[in-house]
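Observations on the model geometry
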Amino acid sequence: MLDVQLGELLGDAPTGVGEALDLVAGFDDALTHGFARLGEQASGALAALAGALAASPLGDRIGEAAEKVAAGSIGDEHLAVLAGGRAALFGAVHDALLARLDAALGRTRAAWEPAEGEMRPDNVLAGCRGWLRELAITGWRGVDHDLVSSSDPAIEALLAAPELRGLAVLLDGLAAELRASSPVATMDLLPARRWADLWTRALLLSQKGTWNGAAEPVSGRLLILGADVHEHATVVRVQVHGILEPAGGAPSRLVRTSVAAAKVDTISGPSVWRLMSDHSVLMGALAGHLSLEITGMPLLPGGDLLWQDDRAKSGEAADPFATARIQLPAAEAPPTPPLDRHPVRIAEPVFLEGYTMQDDTLDLGGNTLPVALDRLPACGPLTPELVSASSACIGLMRWDGGQWLLQPLAVQATVKKKPVAAHSGDWAMGPTDPKVVKAEAKAGDVVAVLRERAGRLLRK
């Protein structure tokens, strides 16, 4: 539970955060208009970025890259260095915020140890870098359908390499957003920060080498805290946060694992859980509040379990609130991988109780914390009304829009004088609310219908 340092945590941002974000905004504005036509202001923004990092290991290289790009010499190596500089600024902001949060929580965090990983095929990555270079030269304002379509060969080549599937999905997502917005020149407002984030991450991931290190097999008991559901028109991802008690008596550690499935926009609400049928062990543990016994499950250095259902089996009942009260304070947090050092990627499990709610704000001893009610998933029983009536919450601390927010994953509340607990993953094996079950039955099984139609088309 957040201690007396909550007031300091929720106060002003750490020194230098505002200045660092201003430098990023200058770079993003230059990228919006394109590096092929840098004006005085955009050239100054690149020079300011280089100046801020002059004393860093990137110092000499980023200074040279800023000068070369301003002079019209735009090479892949120069763009990679500038992207690295932008990522480094966000990394510094991330580290300052996370250090303050860890201090408030009294949480210990493992240090990141660089490790060698499998090399990726550079000939495939070169096509990715080529398209990203064209985006940088043209700028978002110059993007049209032809430029977006030129990404197709690179994406197809990436999809054919299993180890590059993550980069392929990232590139495909950026291309899809640009395609939907083309011609971008007609847009009044651009998501410049978001597109620049995607461009930066894709460009760095397209470099030779590895970022996340090799996975190690782990065994032990996994105690679930809650599930964060990300749903979009074409994909749904369930990210489960939990505490791993390693076999052999090693200290407990915070971990997370994700499973995802492709979808269409007509599949929404509780129906999305049907897409997770290949992960029945994990879904059953979510819905039944069970512990999991895992054996030889791959774990990345950043705390991500690469989920394999056949390496897990259901264990005894494990109340997430009991886990949060007893286990969470002592669990060691994982280090943050280099490319994940970005403020918007902060999602730290916390447990709060004894507070009061006023609209969408939590009050704990005079310190107030906004609650991200807009992040509540539509596929579970967790509602704004239950959150407002709650007195205990398992959630994720996030930093967005210049402030800390709490995203609820589970709450304990009193409804009609009766205690109620609701978790975002309670319907992982199907809804339990009679009204929702009736509505689902009336609407029919959308997933089954679409699968049957797809099978019929394939048979033709």
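The preceding data block contains the structure.
The present account deals with the structure reproduced in this document. (Residues numbered from 1 in each chain as written. Predicted model: local features only at pLDDT ≥ 70, side-chain atom pairs only at ≥ 80, totals over all residues. Heavy atoms only, no water.)

**Side note on the sheet that holds strand β10 (residues 367-370)**
Reading across from one edge, β8-β9-β10 is the order of the 3 strands in this open sheet, with antiparallel pairing throughout. Each edge of the sheet is formed by a strand with only one pairing partner; in this case those strands are β8 (356-358) and β10. Sheet twist, expressed as the mean angle between neighbouring strand axes with direction ignored, is 30°. Pairing between β8 and strand β9 (residues 361-364): 3 bridges, direction antiparallel. From the neighbouring strand, Gln 358 faces β9, where its bridge partner is Thr 361. (Pairing = 2+ DSSP bridges. Helix = DSSP H or I, 4+ residues; strand = E, 2+ residues; numbered from the N terminus. Axes fitted to C-alpha atoms, helices over the stretch in contact; angles between N-to-C directions.)

**Considering the side chain of Gln 239**
Inspection of the secondary structure assignment puts Gln 239 in strand β2 (residues 235-246). On the accessibility criterion, Gln 239 (10% relative accessible area) is buried. Of the polar contacts made by the side chain of Gln 239, one reaches the side chain of His 241; its length is 3.4 Å. Setting aside residues no more than four positions away along its own chain, Gln 239 makes contact with Gly 226, Ala 227, Asp 228, Arg 256, Thr 257 and Ser 258. (Buried < 20%, exposed > 50% of the residue type's maximum accessible area, 1.4 Å probe, protein only. Polar contact = N/O pair within 3.5 Å; in protein donor to acceptor, adjacent residues only side chain to side chain. Contact = heavy atoms within 4.5 Å.)

**Some details on the environment of Ser 268**
Structurally, the position occupied by Ser 268 is in the loop between β3 (253-262) and α11 (280-288). Given the relative accessible area of 39%, Ser 268 is considered partly exposed. The spacing of Ser 268 and Cys 379 is 111 residues in sequence and 7.3 Å in space, taken between C-alpha atoms.

**Focus on unusual backbone geometry**
Here Ser 182 and Pro 183 are connected by a cis peptide whose omega angle stands at -5°. A positive phi is found at Asp 359, a non-glycine position, where the angle reads about 55°. Examined against the element boundaries, Asp 359 turns out to sit in the loop between β8 and β9. A positive phi angle, near 55°, is found at Lys 416, a position not held by glycine. The class for Lys 416 is exposed, based on a relative accessible area of 78%.

**Focus: the pattern of salt bridges**
Oppositely charged side chains can pair when the atoms bearing their charge come close. Tallying each qualifying case throughout the model produces 18 salt bridges. Of the charged contacts in the structure, one is a salt bridge between Glu 348 and Arg 107, with a shortest N-O distance of 3.1 Å. Note that Glu 348 is positioned in strand β7 (residues 348-353) and Arg 107 in the loop between α5 (76-105) and α6 (122-138), a separation of 241 residues in sequence. Judged by its relative accessible area of 10%, Glu 348 falls in the buried class. Overall, the relative accessible area of 10% leaves Arg 107 in the buried class. We note a salt bridge from Asp 304 to Arg 256, for which the minimum N-O separation is 3.0 Å. With a gap of 48 residues between them, Asp 304 in strand β5 (residues 304-305) and Arg 256 in strand β3 connect regions that are remote in the sequence. (Salt bridge = Lys/Arg side-chain N within 4 Å of Asp/Glu carboxyl O.)

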